[in-house]
Amino acid sequence: SSGINAEYGGLVMGAAFTNSLATGLGTSIAVLCHEVPHELGDFAVLLNAGMKIKFAVLFNFLSALTCFLGLFVGLAIGSNTDAQKWIFAITAGMFIYIACADLIPEMHRNAAAADKPILCFVLQQIGVFLGFLFMYLIALYEGDLESIGGGHGHSH
């Protein structure tokens, strides 16, 4: 599942870069913010399952390599406007599903099991707010990112 998740991250990044440099950079930052905690969590799960550190690193690395497969596919087909729309829609749906099906229940379990559940809840909400703020700022300044790259992208 982690490999599929990384592959879709690469797919949306490839499609985003075919749209414009700004969209590609913004999307890459968003995917990075999603993937780093996800991969760290996977690493912790592998270690807790008794896997040696070297093998856990290897498995995480191999799983992360699927991002490049998705990236190349996204770059290859992302210039097709219809394909690009489908890629963006499917990956947005996946990220929303992950948030609703995995993240929110996990946050609830962690807050309920914490020594200071109210503090844990408040910190979680601050993290969610910062995530939304970060994504808003990326969207707000996407035009500035475009000017850095020379503005040669095309908008849809």
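Not measured: the values here are computed from a predicted model.

**Looking at the pattern of salt bridges**
Then step 1. Inspection of the entire model under this criterion finds one salt bridge.
Then step 2. Glu106 is the partner of Arg109 in a salt bridge, and the nearest nitrogen-oxygen pair spans 2.9 Å. Of this pair, Arg109 and Glu106 both sit in helix H4 (residues 81-113), three residues apart, roughly one helical turn.
Then step 3. Judged by relative accessible area, which is 35%, Glu106 ranks as partly exposed.

**Description of the side chain of Ser63**
Then step 1. Mapped onto the fold, Ser63 is located in helix H3 (residues 53-77).
Then step 2. Classification of Ser63 by relative accessible area gives buried; the value is 14%.

**Some words on the nonpolar core**
Then step 1. Core analysis: the biggest nonpolar cluster contains nine residues, these being Ala6, Leu11, Val12, Met13, Ala15, Val31, Cys67, Leu71 and Ile87.
Then step 2. Those elements that provide at least two residues to this core are helix H1 (2-19) and H3.
Then step 3. Looking at which element gives the most residues to this core, the answer is H1, with five residues.
Then step 4. The contact partners of Leu11, leaving out residues within four places of it in the chain, are Gly70, Leu71, Val73, Gly74 and Ile87.

Parameters at a glance
Residues numbered from 1 in each chain as written. Predicted model: local features only at pLDDT ≥ 70, side-chain atom pairs only at ≥ 80, totals over all residues. Heavy atoms only, no water. Salt bridge = Lys/Arg side-chain N within 4 Å of Asp/Glu carboxyl O. Helix = DSSP H or I, 4+ residues; strand = E, 2+ residues; numbered from the N terminus. Buried < 20%, exposed > 50% of the residue type's maximum accessible area, 1.4 Å probe, protein only. Core = buried A, V, L, I, M, F, W, Y, C linked by side-chain atoms within 4.5 Å. Contact = heavy atoms within 4.5 Å.

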